[in-house]
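Take a look at the letters that make up each chain.
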Number of protein chains: 2
Amino acid sequence: MPEKSVPRARTAAADASGAAPDTAENAREGVSRRRLLGTAGATGLVLGAAGAAAGYASAPAAATPLTSLGADRAMFHGKHQPGITEGLQAKGHLVAFDLTPGAGRTQAASLLRRWSATAERLMAGEAADHDDTDVARDAGPSSLTVTFGFGHGFFSRTGLEKQRPASLDPLPDFSSDHLDRSRSDGDLWVQIGADDALVAFHALRAIQKDAGDAARIRWQMNGFNRSPGATAHPMTARNLMGQIDGTRNPKPSESDFDQRIFVPASGSSDPAWMANGSYAVVRRIRMLLDDWEKLSPGAQEAVIGRRKSDGAPLSGGTETTAMDLDKVDKNGDYVVPLTAHARITRPDRNGGAAMLRRPFSYHDGYEADGTPDAGLLFVCWQADPLRGFVTVQRKLDRGDALSKYIRHEASGLFAVPGGAAKGEYVGQRLLES
Amino acid sequence: MPEKSVPRARTAAADASGAAPDTAENAREGVSRRRLLGTAGATGLVLGAAGAAAGYASAPAAATPLTSLGADRAMFHGKHQPGITEGLQAKGHLVAFDLTPGAGRTQAASLLRRWSATAERLMAGEAADHDDTDVARDAGPSSLTVTFGFGHGFFSRTGLEKQRPASLDPLPDFSSDHLDRSRSDGDLWVQIGADDALVAFHALRAIQKDAGDAARIRWQMNGFNRSPGATAHPMTARNLMGQIDGTRNPKPSESDFDQRIFVPASGSSDPAWMANGSYAVVRRIRMLLDDWEKLSPGAQEAVIGRRKSDGAPLSGGTETTAMDLDKVDKNGDYVVPLTAHARITRPDRNGGAAMLRRPFSYHDGYEADGTPDAGLLFVCWQADPLRGFVTVQRKLDRGDALSKYIRHEASGLFAVPGGAAKGEYVGQRLLES
């Protein structure tokens, strides 16, 4: 059965045309890794292919629909690692590991080799190569991505201090920080995303099992986004404050996208092994929802600077209209308040700083007093954290109206190397340098 | 746009025929509450209807697909409450409330009135009638169900002891119990399920907000199942042990289904207000996955009595083949071991006891030692808990091979009244008796 490129929700217009968009076009929309295993018929049925591709023992004849939710597949091999430019996934696991005492460069290299092999198999909808738990059995790849990064401590533990990028220097303190160090940092970081919760959990356990004696879990967090197909609105994602989030994210179609998000292959001050890599800043941002929800919708919109309904700037237009920062109302007050979150974070007021935000919401139940432990697992990607996250966060620190309603509870900064070529494992250019 | 009945995954063959099954047929398959708002075209696009139905301010023209995942709608009004016979949903929240000191029957009645109004609106894809958080804005109903039950303590706190069903007498102790009382029981219980995580969270917060001063959260748990469309396999669900689970669930098409699951409208020893209601037993069952996964696939299959690959009994056939309990191997040993979980739980060896299991998996992260806090939020439904859950659990207590790999950590038993007629609220027949 021929593979067919399938755009994600944000580019469904191309899908509706019935034409298979060419790969370059697709790549600009950030969906080049997506492939549909099969062809959707009039009833939405996709037959056969996924069962065969799954690499499990042959299943009975399929009698139920495998939609693009299950059949969508991200590619493991590529210039960049998966899980950076792909659309948001319905389920996510973030997990950090510390190397165990005694484990060094050799053990780390062999761990990354195991992890890469597992990620490649699972992202193809196959079983792990040994001791598979069967939890994802029968399911399609479901857009699974597995992404690996290195934290500051990794380099000293492996004798690779000279290869440590300056960009991994610890982040400065911010006034909104209430950081739990036991849920921050880590030698190794893995981001798992998929549109099916069992597929994601299956990958998490496989990755943990692969760690064996070489590394142990330091912290682990679970998140989620909207399920594909739950909304017909052509918007960016909503967060648990009910706000549309990510409107001003740089787009892969913009000419300076790669330059802002990825370390160049040459001419950079980064070590050579980081070519085509990116830096991930991870923040567990608790939302103080009880306080937030006491605000009127108008007061909430003034905090953000955008309308809740459609994400349009308070200065008018639609979600994608440029914000008019100078517009005043009849009293001479700025329509977009000076402390509005969206005003402060506007990239063109931040020296061109840009980061690609790709978060998951989280909800870990309730505190004893009835307060929800919920918010955002903020993950952002950039070629340079000092020009991306740090620049923006410093500005927010000096007057963001949103800061009263959030609390940064954990933090991580990870060097995410470029994608592995066929036959290569992630991080090989570092570990075998 | 005409409504069209859409079977869930288990009945997709009927869907593929293109015919709209009649309602009685549908009801027998447990899908009568499902309705698709719109018509799926060849590309799976569903346009327009859901936005209009959502009750939010008009959204921009839809440019992305709202699939049946988002458009599927369960009905609030009916003979039974929703959330019992519907297919498993991708996301679930279980939450128990205790009435606050001073709150009695009057406050409880007005709480159930608020809750019912909110459930009806949200299940239709509408916003809450005041202070909506906008978290589900733009999304379709996504098969949302909200189900309400009463715990043992509710009746004394409201002066309704005489209306308390004998079936709410505390469950006996079982040897696998390691119960945390702070996460067990409760005056009121709400089960929320949906195929979209933000739709489910939105409902949870709305229900909490409605509680106001009348009740406070006692415990709350989050769960999940496979996303619709993630698998093409015509199977029952898999759990986090990788086993197919729920094969022997009673089917709505069976002649004694109603009698086993629902309290009859007359001729029962239950109080009249429980007509068409059901009893829910809720157990947080931790799976000791590290121990379980050390077993070989063959050893796991001997514990369960079924094949992992397809759920077929070890005595042969397919998932739905009746188990041959007498079959022996060449050594004269039973092919399905005497301690196998599926042998012990077979309904026809339990005096006809039957319960409808409708669980969610859960994963609440990791313990400090790297052990996953994961397992099953077991929810089962029956007309009589003594003949359903208690009968089966007592047998399991005396020799289930699975008991070494699980631990019951929390427990609840709730009387779930029948569905509300139009103009009525859930529990009205109790609270205004």
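Residues numbered from 1 in each chain as written. Chains lettered and ligands numbered in written order. Predicted model: local features only at pLDDT ≥ 70, side-chain atom pairs only at ≥ 80, totals over all residues. Heavy atoms only, no water.

K.L.:
Just checking my understanding: could you explain the packing of helix α5 (residues 105-123) of chain B against helix α7 (residues 197-211) of chain B for this structure?
P.N.:
Packed helices, taken two at a time, are described by their axes: the angle between them and the distance between them. Residue and element names in this part refer to chain B. Where α5 meets α7, the closest approach of the two axes is 9 Å, and the angle between their N-to-C directions is 160 degrees. In terms of orientation, α5 and α7 fall into the roughly antiparallel class. Crossing angle aside, the handedness with which α5 passes α7 is right-handed. Within the contact between the two elements, α5 uses L111, R114, W115, T118 and L122 and α7 uses H202, A203, A206, I207, D210 and A211. Considering only residue class, the contact of α5 with α7 consists of seven nonpolar, two polar and two charged. (Axes fitted to C-alpha atoms, helices over the stretch in contact; angles between N-to-C directions. Helix = DSSP H or I, 4+ residues; strand = E, 2+ residues; numbered from the N terminus. Parallel < 35°, antiparallel > 145°, perpendicular 65-115°, else oblique. Left-handed = near helix turned anticlockwise from the far one by under 90°. Contact = heavy atoms within 4.5 Å. Nonpolar A, V, L, I, M, F, W, Y, C, P; charged D, E, K, R; others polar.)

K.L.:
What should I look at first to understand the pairing of strand β3 (residues 91-99) of chain A in this one?
P.N.:
Successive side chains on a regular strand alternate, one facing one side of the sheet and the next facing the other. Residues and elements named next belong to chain A. In terms of burial, β3 is largely enclosed, as nine of its nine residues are buried. As judged from the nine bridges shared by β3 and strand β6 (residues 215-224), these two strands associate in the antiparallel manner. Paired with V95 across the bridge in β6 is Q220. Bridge count for β3 against strand β5 (residues 188-194) is seven bridges, and the pairing is antiparallel. Within β5, the position partnered with A96 by the bridge is W189. (Buried < 20%, exposed > 50% of the residue type's maximum accessible area, 1.4 Å probe, protein only. Pairing = 2+ DSSP bridges.)

K.L.:
How should the packing of aromatic side chains be read in this particular structure?
P.N.:
When we look at a pair of aromatic rings, we describe it by the centre distance and by the angle of the planes. Residues and elements named next belong to chain B. As enumerated under the stated definition, the model contains 26 aromatic pairs over all chains in all. Ring centres 6.0 Å apart and planes at 75 degrees place the aromatic pair F150 and W273 in the edge-to-face group. One end of the pair, F150, is in strand β2 (residues 145-150); the other, W273, is in the loop between α8 (257-261) and β7 (278-287), and 123 residues separate them in sequence. Side by side, F150 and W273 carry an identical accessibility label, which is buried. Centre to centre, the rings of F155 and W273 are 5.8 Å apart; their planes meet at 35 degrees, and the pair counts as tilted. (Phe/Tyr/Trp six-rings, centres within 6.5 Å; stacked < 30°, edge-to-face > 60°.)

K.L.:
What is the right way to read the environment of G316 of chain B from this model?
P.N.:
Of note, G316 of chain B is situated in the loop between α10 (297-304) and α11 (341-344). With 19 residues separating them in the primary sequence, G316 of chain B and V335 of chain B have C-alpha atoms 9.4 Å apart.

K.L.:
When you look at a nonpolar patch on the surface in this model, what are you seeing that I'm missing?
P.N.:
Side chains of V328, Y334 and L338 of chain A sit close together on the surface and give an oily, nonpolar patch of about 290 Å² of accessible area. Structurally, the position occupied by V328 of chain A is in the loop between α10 (297-304) and α11 (341-344). (Patch = residues over 30% accessible without salt bridge, like charges linked within 9 Å, V, L, I, M, F, W, Y side chains within 5 Å. Areas by Shrake-Rupley, 256 points an atom, 1.4 Å probe, with all protein chains shown as cover. Salt bridge = Lys/Arg side-chain N within 4 Å of Asp/Glu carboxyl O.)

K.L.:
Looking at this model, I keep getting lost on the side chain of E86 of chain B. Mind explaining?
P.N.:
Positionally, E86 of chain B belongs in the loop between α4 (68-71) and β1 (91-99). Looking at E86 of chain B, its side chain comes within polar contact range of the main-chain nitrogen of G83 of chain B, at 2.7 Å. (Polar contact = N/O pair within 3.5 Å; in protein donor to acceptor, adjacent residues only side chain to side chain.)

K.L.:
Looking at this structure, how should I read the side chain of E409 of chain B?
P.N.:
Residues and elements named next belong to chain B. Note on placement: E409 falls in strand β11 (residues 406-416). You can call E409 buried: its relative accessible area is 7%. Within the local environment of E409, its side chain forms a polar contact with the side chain of R407, the two groups lying 3.1 Å apart.

K.L.:
What should I look at first to understand the UniProt feature "domain: Dyp-type peroxidase N-terminal" (unreviewed entry) in chain A in this one?
P.N.:
In this structure's numbering, the residues bearing the UniProt feature "domain: Dyp-type peroxidase N-terminal" (unreviewed entry) are residues 81-225 of chain A. Along residues 81-225 of chain A one finds 28% helix and 22% strand; the C-alpha atoms at either end are 21 Å apart. (UniProt positions renumbered as here; feature names shortened; annotations may be inferred.)

K.L.:
How should I be thinking about α5 of chain B in this particular structure?
P.N.:
An α-helix turns once per 3.6 residues; consequently, residues spaced three or four apart project the same way. Residues and elements named next belong to chain B. For α5, with 19 residues, the first-to-last C-alpha span of 26 Å sits near the 27 Å given by 1.5 Å per residue. Buried residues of α5: A108, A109, L111, L112, W115, S116, T118, A119, L122 and M123, and no others. Directly beyond the C-terminal end of α5, a positive phi value near 80 degrees is found at G125. (Expected span 1.5 Å × (residues − 1).)

K.L.:
Quick question: what am I supposed to make of the confidence of the model for chain A here?
P.N.:
As a note on interpretation, predicted positions should not be read in detail where pLDDT is low. All names here are of chain A. Here chain A shows a mean pLDDT of 85. Residues at 70 or above account for 83%. Below a pLDDT of 50 lies the segment residues 1-63, which in the model reaches 128 contacts outside its immediate sequence neighbourhood of four places, other chains included. On the interface metric, ipTM, the complex scores 0.88, and its pTM is 0.88. (pLDDT = per-residue confidence, 0-100.)

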